[in-house]
Amino acid sequence: MKIRVLLLTLVCALATGSGFAADEPETELGGKMEKMGGAFRALRRQISDATKNADSLARVATIRQNAEASLKLEPAMKAQKPAAEQKKFVDDYRADMKKFLELCGKLETALKANDNVEAAKLCGAMGDANKAGHKSYKKEDKKK
Ligand code: HEM
């Protein structure tokens, strides 16, 4: 009897597990962004807390590494642009991602200096860059 209950639980877990696929990033760039998202959420919560600066530096490193990898990739939205505009679209995306990387570097400097006031400002600027970057280069979310 116990075995049957266990088996039923396993079957249910496997069946509902397939539902998670809907939240998987759909592109390689989306995967890098998801990793940035997790690190940025934690960073924002603790950016003013100087006792967490070592952990904050680790989060910025995750964001920077994934932003560097994102530089080599192209937004899916490119395919929606007319052929004549695609090169400029990708060039603009890369230029904005480079500016975002400069913010990451400045934030690392501020955290190493334990300047949490400056770090909080830079973290806000990164949030603005996130919004602007998505407005220009990210396809509209599909209705789920
Ligand atoms: C703190 C900074 C940022 C965070 C936390 C962030 C986070 C995210 C997240 C969670 C997604 C959805 C991923 C998915 O499930 O598919 C996404 C997508 C995307 N983001 Fe960001 N992002 C940031 C900055 C930027 C910047 C600066 C740019 C552009 C210069 C950018 C361009 C994009 C694009 C183009 C997509 C769509 C993916 C694709 O086209 O394949 N993001 N981002």
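Note that this is a predicted model, so its numbers are computed, not measured. For every chain, the first residue of its written sequence is number 1, and the numbers climb from 1 along that sequence. Where totals are concerned, whole chains, interfaces and linings use all residues; where local detail is concerned, this predicted model gives features only for residues with pLDDT of at least 70, and gives and counts side-chain atom pairs only at 80 or more. For the side-chain quantities, the full set of heavy atoms in the structure was used; hydrogens and water were omitted.

### Things to note about the coordination of the iron atom of the ligand
- Water is not among the atoms examined, so metal sites may look incomplete; donors are the N, O and S atoms within 2.8 Å of the metal, or within 3.2 Å for Na, K and Ca. Protein coordination of the iron atom of the ligand is provided by Met33 (SD) and His134 (NE2), with donor distances spanning 2.0 to 2.3 Å.
- Any site counts as irregular unless it has four donors with all angles between 85 and 135 degrees, making it tetrahedral, or four or six donors with opposite ones more than 155 degrees apart and the rest between 65 and 115, making it square planar or octahedral. Metal-centred angles of 87 to 179 degrees between the 6 donor atoms at the iron atom of the ligand mark the site as octahedral. Of this pair, methionine 33 sits in helix H2 (residues 28-46) while histidine 134 is found in helix H5 (residues 116-137), placing the two residues 101 residues apart along the sequence.
- When its relative accessible area of 25% is taken as the criterion, methionine 33 is described as partly exposed. A run of DSSP states H or I qualifies as a helix once it reaches four residues; a run of E qualifies as a strand once it reaches two. Both are numbered from the N-terminal end. A 1.4 Å probe rolled over the protein chains alone gives each residue an accessible area, and that area as a share of the maximum for its type sets the label: buried under 20%, exposed over 50%, partly exposed in between.

### Section: the environment of aspartate 92
- Counting through the fold element by element, aspartate 92 comes out in helix H4 (residues 83-112).
- Put simply, aspartate 92 and serine 136 are 44 residues apart on the chain and 9.4 Å apart in space, counted from C-alpha to C-alpha.

### A look at the site of the ligand
- One heavy atom suffices: a residue is near a molecule or strand as soon as one of its heavy atoms comes within 4 Å of it. Taken together, 21 residues lie near the ligand, and Thr27, Met33, Glu34, Ala76 and His134 sit nearest.
- Whenever a nitrogen or oxygen atom comes within 3.5 Å of another N or O atom, the pair is scored as a polar contact, on the condition that within protein one atom can donate a hydrogen and the other can accept it, and that pairs from neighbouring residues in sequence are kept only if both atoms are in side chains. At 2.5 Å, a side-chain N or O of threonine 27 approaches an oxygen atom of the ligand.
- In the model, an oxygen atom of the ligand is placed 2.6 Å from a nitrogen or oxygen of the glutamate 34 side chain.
- For the shell around the ligand, the elements supplying multiple residues, two or more each, are H2, H4 and H5.
- Looking at the shell around the ligand, the element that brings in the most residues is H2, giving 7 residues.
- For this scheme, ten residues count as nonpolar: Ala, Val, Leu, Ile, Met, Phe, Trp, Tyr, Cys and Pro. Four count as charged, namely Asp, Glu, Lys and Arg, and the remainder, Gly too, count as polar. Tallied by class, the residues present in the shell around the ligand amount to 12 nonpolar, 6 polar and 3 charged.

### So, the nonpolar core
- In this structure, Leu43, Ile47, Ile63, Phe100, Leu107 and Met126 are the most contacted members of the largest nonpolar core, which totals 28 residues.
- At the level of elements, H2, helix H3 (53-71), H4 and H5 are the ones that each hand at least two residues to this core.
- Looking at this core, the element that brings in the most residues is H4, giving 11 residues. Buried Ala, Val, Leu, Ile, Met, Phe, Trp, Tyr and Cys residues that are joined via side-chain atoms within 4.5 Å together make up what is termed a nonpolar core.

### Digging into the environment of alanine 61
- The residue alanine 61 is located in helix H3 in this model.
- Overall, alanine 61 belongs to the buried group, its relative accessible area being 18%.
- Here the alpha-carbon distance between alanine 61 and glycine 105, two residues 44 residues apart in the chain, equals 9.3 Å.

### Comments concerning the side chain of asparagine 116
- With respect to the helices and strands, asparagine 116 occurs in helix H5.
- A distance of 2.8 Å separates a polar atom in the side chain of asparagine 116 from the backbone oxygen of isoleucine 47.
- Note on contacts: a residue pair is in contact if any heavy atoms of the two residues lie within 4.5 Å. Residues within four places of asparagine 116 in sequence aside, it is in contact with Ile47, Ser48, Asp49, Ala50, Asn53 and Leu111.

### Let's talk about the confidence of the model for the protein chain
- Confidence of the prediction at every residue is given by pLDDT, a number between 0 and 100. Per-chain confidence: the protein chain averages 89 in pLDDT, with 82% of residues scoring 70 or above.
- A low-confidence stretch, residues 14-21 stays under pLDDT 50, and its non-local contacts, those more than four residues away or across chains, total 0 contacts.

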